[in-house]
Amino acid sequence: FALLALLFVLAIVSYINRRIQYIYTWRELSKTDSSTIKNVSSFGFMDKFGEIGEYLKLEIKSITRNKNQRKTFISSLVLIILFSGIISFTDIYSGKFMNYFWIFYNFAIIGAMLIVKIMCYEGNYIDGLLVRKENIISLLTAKYYIYSALLLLPFLLLLPTLFTGKTSIIELLSVMIFTSGACYFMFFQMAVINKTTVPLNEKLIAKTGIENNYIQVLAEIGVFFLPVVMYSLLYTFCGETKADLILLIIGLGFIVTHKLWIRNIYNRMMKRKYSNLEGFRASRR
């Protein structure tokens with residue numbers, strides 16, 4: 001009886017296995033079974049932006065899900081909130097140029113902490129990004145849109161300075177537009193140079209890319225001090241309002257032409273593709 005029962009069970013299992021194989025083989029041969037990509041994100045409104053929308057989702061997910069990138073992002077937000085409070089409600093930076101420098105610094109924090117490492121996090125999966133031509137352009141464009149939108153945070157947090165008389169609306173707009181345009185243009189140049197992979201979740205020790213860090217520091221110094229020097233000179237010779245307007249116009253120029261200089265960055269990256277790939281692969285853990 002036990003033997004008959006075992007044979008019966010084996011017969012049923014064999015029949016089920018045969019039916020499953022038959023069904024899937026038939027679907028494959030008749031090409032009636034098409035695979036679809038399931039949308040597991042909650043950013044459906046970004047679908048209308050096409051490929052750039054997918055990279056917008058990727059950047060948001062990367063910031064929110066990966067430990068190191070999330071920690072850096074949170075640190076930048078904390079600094080923005082801290083400096084906004086100090087600038088708005090204390091007299092520590094009461095001098096005109098010191099006040100301007102710290103307002104400008106507040107807007108540039110995100111770029112200094114995140115954009116300066118552009119492509120370093122992507123070094124973990126850079127091979128996949130290079131499979132299709134011009135994927136990098138969509139990625140860089142998505143990053144530019146996200147980090148430009150994030151500048152609204154320091155802008156809103158610094159609005160109390162309007163009521164305390166420490167700044168004006170044209171000055172805040174000028175600094176925000178100049179940061180999004182000229183400063184981000186300078187920060188994004190690091191995409192050509194960076195070739196050290198930054199771990200997504202492991203602790204940031206050991207292989208940190210000393211050579212690249214020096215260049216990143218120089219880029220940060222240039223971004224922080226050159227605009228302030230420009231403003232000082234314009235303020236001295238043209239007055240406050242004209243200085244703000246000139247910087248605003250310069251910033252708008254870079255914003256309007258962002259597609260051109262992003263493509264230029266992409267073309268230069270492709271010339272260094274194999275060298276950068278070697279660096280990314282060698283620095284992976």
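What follows concerns the overall build of the chain. Check the secondary structure of the chain and you find 14 helices and zero strands. Secondary structure elements in the chain, listed N-terminal to C-terminal, are α-α-α-α-α-α-α-α-α-α-α-α-α-α. Going through the 285 residues of the chain one by one, you find that 41% of them count as buried. Here the contacts in the chain between residues at least 6 apart in sequence split such that 78% fall between residues at least 24 apart. Total accessible area on the chain is roughly 16,100 Å²; 68% of this is exposed by carbon and sulfur atoms.

The geometry of helix α9 (residues 169-188) relative to helix α12 (residues 240-256) is characterised by a closest axis approach of 7 Å and an angle of 35° between their N-to-C directions. Relative to α12, the crossing made by α9 is left-handed. Contacts between α9 and α12 pair Ile-170, Glu-171, Leu-173, Ser-174, Ile-177, Phe-178, Ser-180, Gly-181, Ala-182 and Phe-185 from the former with Glu-240, Asp-244, Leu-245, Leu-247, Leu-248, Ile-250, Gly-251, Leu-252, Phe-254 and Ile-255 from the latter.

It is worth spelling out a nonpolar patch on the surface at this point. Residues Val-217, Leu-218, Ile-221 and Phe-225 make up a contiguous nonpolar surface patch of about 390 Å² in total accessible area. Secondary-structure assignment places Phe-225 in helix α11 (residues 210-238).

Let us look at the environment of Gly-85. Of note, Gly-85 is situated in helix α3 (residues 67-89). Residues Gly-85 and Thr-161 lie 76 residues apart in sequence; the distance between their C-alpha atoms is 9.5 Å.

A word on the confidence of the model for the chain. Summary statistics for the chain give a mean pLDDT of 80 and a share of 80% for residues scoring 70 or more. In the predicted structure, residues 33-41 sits below a pLDDT of 50 and forms five contacts with residues beyond four places in sequence or in another chain.

Between its first and last C-alpha atoms α9 spans 27 Å; for 20 residues at 1.5 Å apiece the expected length is 28 Å, and the two agree. Of all the bends in α9, the greatest, near 40°, is centred on Thr-179. The buried count for α9 comes to 15 of 20 residues, which makes it a mostly enclosed element.

A separate point is the pattern of salt bridges. Taken as a whole and assessed by the stated rule, the structure comprises three salt bridges. Glu-54 is paired through a salt bridge with Lys-57; the nearest N and O atoms lie 3.5 Å apart. With Glu-54 and Lys-57 both in helix α2 (residues 50-65) and three residues apart, the pair spans about one turn of that helix. Put simply, Glu-59, Glu-122 and Lys-143 are held in one network by salt bridges that share partners.

A complete count under the given rule lists 14 aromatic pairs for this structure. On the numbers, 5.2 Å between centres and 20° between planes, the contact of Phe-83 with Trp-102 is stacked. Separated by 19 residues along the polypeptide, Phe-83 in helix α3 and Trp-102 in helix α4 (residues 96-113) bring together distant segments of the chain. One exposure class covers both Phe-83 and Trp-102, and it is buried. Considering the side-chain rings of Phe-101 and Trp-102, the 5.2 Å spacing of their centres and the 85° angle between planes classify their relative orientation as edge-to-face. The same class applies to Phe-101 as to Trp-102, namely buried. The rings of Tyr-144, Tyr-145, Tyr-184, Phe-185, Phe-188, Phe-254 and Trp-261 are connected pair by pair, giving a single aromatic cluster.

For the rest of this paragraph, the subject is unusual backbone geometry. A positive phi is found at Met-119, a non-glycine position, where the angle reads about 80°. Summarising the element assignment, Met-119 is placed in the loop between α4 and α5 (126-129). Given the relative accessible area of 1%, Met-119 is considered buried.

Quick look at the side chain of Asn-135 now. Along the chain, Asn-135 turns up in helix α6 (residues 135-149). At 3.2 Å, the side chain of Asn-135 and the side chain of Tyr-55 are in polar contact. Beyond its immediate chain neighbours, meaning those up to four positions away, Asn-135 contacts Glu-51, Tyr-55, Gly-128 and Leu-129.

Conventions we followed
- Residues numbered from 1 in each chain as written.
- Predicted model: local features only at pLDDT ≥ 70, side-chain atom pairs only at ≥ 80, totals over all residues.
- Heavy atoms only, no water.
- Helix = DSSP H or I, 4+ residues; strand = E, 2+ residues; numbered from the N terminus.
- Buried < 20%, exposed > 50% of the residue type's maximum accessible area, 1.4 Å probe, protein only.
- Contact = heavy atoms within 4.5 Å.
- Areas by Shrake-Rupley, 256 points an atom, 1.4 Å probe, with all protein chains shown as cover.
- Axes fitted to C-alpha atoms, helices over the stretch in contact; angles between N-to-C directions.
- Left-handed = near helix turned anticlockwise from the far one by under 90°.
- Patch = residues over 30% accessible without salt bridge, like charges linked within 9 Å, V, L, I, M, F, W, Y side chains within 5 Å.
- Salt bridge = Lys/Arg side-chain N within 4 Å of Asp/Glu carboxyl O.
- pLDDT = per-residue confidence, 0-100.
- Expected span 1.5 Å × (residues − 1).
- Bend = angle between axes of the 7 residues up to and from the residue.
- Phe/Tyr/Trp six-rings, centres within 6.5 Å; stacked < 30°, edge-to-face > 60°.
- Polar contact = N/O pair within 3.5 Å; in protein donor to acceptor, adjacent residues only side chain to side chain.

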